[in-house]
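Residue-level listing of the chains:
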Amino acid sequence: MLAISYMGTKRPLAPVVSDLATDCQDGACLDLFAGMCAVGQQLAPVRQIWSNDLQAFASLVAKTQFCSAEGAPDPVAVQLLLADAFYRQMGLMETEYANALTLERGALASADCDVLLNAFESRIFVANRIQAGAGTRHRLFSERYAGTYFGVRQCAEIDGIRWAIDTAVGDGELKDWCLVALCAAISRCANTTGHFAQPLTPKNSNLAKLINQRARSVWEEFTNALGRLSVFGTGQWRNQNRVFQADALSLMRDAEALAGVGLVYADPPYTSDQYSRYYHIYETLILYDYPAARGRGLYRDDRAVSSFSHSTKVRAAMDRLIASVRNIGADLILSYPSNGLLPSSREQIVGMIREYYGREPEIVPLVHSHSTMGASKGSATQQVVEILYRARVGNVAG
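It should be emphasised that the depicted structure is a prediction, and the values quoted were computed from it without experimental measurement. For every chain, the first residue of its written sequence is number 1, and the numbers climb from 1 along that sequence. Two thresholds apply to this predicted model, a pLDDT of at least 70 for residue-level local features and 80 or more for giving and counting side-chain atom pairs, whereas whole-chain, interface and lining totals are computed over all residues. Side-chain numbers come from the whole structure's heavy atoms, not from hydrogens or water.

Glancing now at the side chain of His-138. Structurally, His-138 can be placed in the loop between helix H6 (113-127) and helix H7 (140-144). A 1.4 Å probe rolled over the protein chains alone gives each residue an accessible area, and that area as a share of the maximum for its type sets the label: buried under 20%, exposed over 50%, partly exposed in between. What makes His-138 buried here is its relative accessible area of 1%. With near-sequence residues (within four places) excluded, His-138 lies in contact with Gln-89, Met-93, Asp-159, Arg-162, Trp-163, Asp-166, Tyr-288 and Tyr-290. Every helix listed is a DSSP run of H or I at least four residues long, and every strand listed is a run of E at least two residues long, numbered separately from the N terminus. Only heavy atoms enter the contact rule, under which two residues are in contact if any of them lie within 4.5 Å.

Another point: the confidence of the model for the protein. Per residue, pLDDT captures the predictor's confidence, and it can take any value from 0 to 100. On average, residues of the protein carry a pLDDT of 92, and 93% of them reach 70 or more. Residue range residues 373-379 is modelled with pLDDT below 50. Its contacts to residues more than four positions away, or to other chains, number 13 contacts.

Core analysis: the largest hydrophobic core is formed by 121 residues, its most contacted members being Leu-30, Leu-32, Phe-141, Phe-150, Phe-222, Val-264 and Met-318. Looking at this core element by element, the count peaks at 11 residues for helix H9 (residues 173-189). If near-sequence neighbours (up to four positions away) are discounted, Met-318 is found in contact with Pro-268, Phe-308, Leu-334, Tyr-336, Leu-342, Ile-349 and Met-352. Counting residues in hydrophobic clusters, the runner-up holds 6 residues, among them Ala-107, Leu-108, Cys-113 and Leu-210. What makes a nonpolar core is a set of buried Ala, Val, Leu, Ile, Met, Phe, Trp, Tyr and Cys residues whose side-chain atoms join them at distances within 4.5 Å.

Our focus in this paragraph is helix H5 (residues 98-110). For a helix, the expected span equals 1.5 Å multiplied by the number of residues minus one. Under the 1.5 Å per step criterion, the end-to-end length of H5 is 18 Å for 13 residues, consistent within 8% with the ideal 18 Å. Those residues of H5 that sit buried are Leu-101, Glu-104, Ala-107 and Leu-108. For H5, the angular spread of buried residues about the axis comes to 135 degrees, placing them on one side. Facing away from the buried side of H5 by more than 90 degrees, the exposed set consists of Asn-99, Leu-103, Arg-105 and Ala-109. Residues of H5 that are buried make contact with helix H4 (75-96), H6, helix H8 (152-169) and helix H10 (207-214). Once H5 finishes, Ala-111 follows within two positions and takes phi at roughly 55 degrees, a positive value. Starting at the helix axis, one direction is taken to each C-beta atom, and the arc is that of these directions.

Axis separation between H9 and helix H14 (residues 280-287) bottoms out at 10 Å; the angle between their running directions is 145 degrees. Handedness of the H9/H14 crossing: right-handed. Note on element contacts: H14 touches H9 through Ile-281, Tyr-282, Leu-285 and Ile-286, opposite Leu-179, Leu-182, Cys-183, Ile-186 and Ser-187. Any residue that is not Ala, Val, Leu, Ile, Met, Phe, Trp, Tyr, Cys, Pro, Asp, Glu, Lys or Arg is counted as polar, Gly included; the first ten are nonpolar and the last four charged. In the contact of H9 with H14, the residues fall into 8 nonpolar, 1 polar and no charged. To get an axis, fit a line to the C-alpha atoms, keeping to the stretch in contact for a helix; angles then go from 0 to 180 degrees between the N-to-C directions. Less than a right angle of anticlockwise turn of the near helix away from the far helix marks a crossing as left-handed, whereas a clockwise turn marks it as right-handed.

Relative to the elements of secondary structure, Ala-146 occurs in the loop between H7 and H8. Exposure remark for Ala-146: the relative accessible area of 6% places this residue in the buried category. The sequence separation of Ala-146 and Ala-119 amounts to 27 residues, and the corresponding C-alpha distance is 9.0 Å. Discounting chain neighbours no more than four positions away, the residues touching Ala-146 are Arg-123, Phe-141, Gly-151, Val-152 and Cys-155.

The subject of this paragraph is the packing of aromatic side chains. Within a pair of aromatic rings, the relevant descriptors are the distance that separates the centres and the angle that separates the planes. Two aromatic rings from Phe, Tyr or Trp, using only the six-membered ring of Trp, form a pair when their centres are within 6.5 Å; if the ring planes differ by under 30 degrees the pair is stacked, by over 60 it is edge-to-face, and anything between is tilted. All told, the structure shown has 19 aromatic pairs when counted by the stated rule. Summarising the aromatic geometry, the rings of Phe-33 and Phe-308 are spaced 5.7 Å apart at their centres and angled 90 degrees between planes, so their arrangement reads as edge-to-face. With Phe-33 in the loop between strand E1 (28-31) and helix H2 (38-43) and Phe-308 in the loop between H14 and helix H15 (314-327), this pair connects stretches of sequence that are 275 residues apart. Taking the centre distance of 4.8 Å and the plane angle of 35 degrees together, the rings of Phe-57 and Tyr-282 count as tilted. Here Phe-57 is found in helix H3 (residues 56-67), whereas its partner Tyr-282 is found in helix H14, with 225 residues between them in sequence. A relative accessible area of 1% places Phe-57 in the buried class. Here the aromatic residues Phe-57, Phe-141, Tyr-145, Tyr-149, Phe-150, Phe-196, Tyr-278, Tyr-279 and Tyr-282 are joined through ring pairs into a cluster of three or more. Above the face of the Tyr-357 ring, Arg-326 is positioned so that its terminal group lies 5.7 Å from the ring centre. Geometrically, a charge over a ring is one whose NZ (Lys) or CZ (Arg) sits within 6 Å of the ring centre while staying within 35 degrees of the ring normal.

Residue Pro-45 follows Ala-44 across a cis peptide bond; omega there is -10 degrees. As for its position among the elements, Pro-45 is in the loop between H2 and strand E2 (49-52). Phi is positive for Tyr-290, which is not a glycine, with a value near 55 degrees. Tracing the backbone shows Tyr-290 in the loop between H14 and H15. In this structure Tyr-290 comes out as buried when scored by relative accessible area, which is 9%. The backbone of Leu-298 shows a phi angle near 55 degrees, a positive value even though the residue is not glycine. Within the fold, Leu-298 resides in the loop between H14 and H15. Overall, the relative accessible area of 0% leaves Leu-298 in the buried class.

A few words now on the pairing of E1. Going residue by residue along E1, you find Ala-28 and Leu-30 tucked away on one face and Cys-29 and Asp-31 tucked away on the opposite face as well. Should DSSP find at least two bridges between two strands, the strands are regarded as paired. Bridge analysis of E1 against strand E4 (residues 261-266) gives 4 bridges, and the strand direction is parallel. Within E4, the position partnered with Ala-28 by the bridge is Val-261. Looking down the strands as they point away from the viewer, one classifies a crossover as right-handed if the path from the first strand across the helix to the second runs clockwise. Where the polypeptide runs from E1 across H2 and back to E2, its parallel neighbour, the crossover connection is right-handed.

Shown next, in the form of structure tokens:
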């Protein structure tokens, strides 16, 4: 499947989770914090995959991979469908933004850091003064993110592709696939450290990287991404999967909706960082709803907030999570690092599982690298012990 920048740690854990799931009870596996679906991909198509994520873009990735009725589209056919509308729109925007495009081309060609920095700061200033809902139709990225996360031309391409999708495709499964491919494209072009917490301020030390990123064509990356789209399992298998876009704890209270779930895999947030700030650009690209853009990160005003990332709320959130999984009669595989926000996490989690499942969990510790969100807290990665806890409802042999 597509590589989209996502600050998760599930991919190295996925094979171990899959092994642990083998001995769990039958029924669908609910991936409660699905992210980029690493665990679902590992389990597919052995059991049904029900995916949940509060982020719209993550839910859309799960929907296309695990619930597609028709499978991935033909990339050549999609390009032919979109090309005319895209190039017509680009022609209009090249005229509209002629001065900004000329300035950008000159600055990139001469590696003029001062010009790029001035444009960067002025665009942040302007974007912060745009009200929610305001803006020119299909100029969202050009008006809010040009010169910061992306170049002027790149934003015109993003808006142009989005125009082509909305006019030539309309709503439906094909639109979903196109948006996923566009997310992959902007991931390749972004001026960031690998996530969208904040664009990189132009400096002599990172100028070569910025120029390289600005040289990438969003349209080319988009068409390349179309060729990498894929689904998992058969159509019959995908037809029985489900995707939710909900707060995890709220979803777990809906026992009726979760009837048929035999196993829950939970990988909740583990730091005080609110994860939504790392993915807000993807969210805006999917929703295309003209949000306010605030601060140097140009964040949406309605970013999701997780109780698992609050030091005063994390214990209660973890307790509710474990209790609610047991309440629906499902087995639980929980991953949480030894240095997570929950203090003395191993002792506390073991105690909670013992309370609700009537026995201590099986524990599998794994040493691997955790991201520290682009070195916001020192080194970009650090070695930690990730602990997998497995709690089963049925009798445990031996």
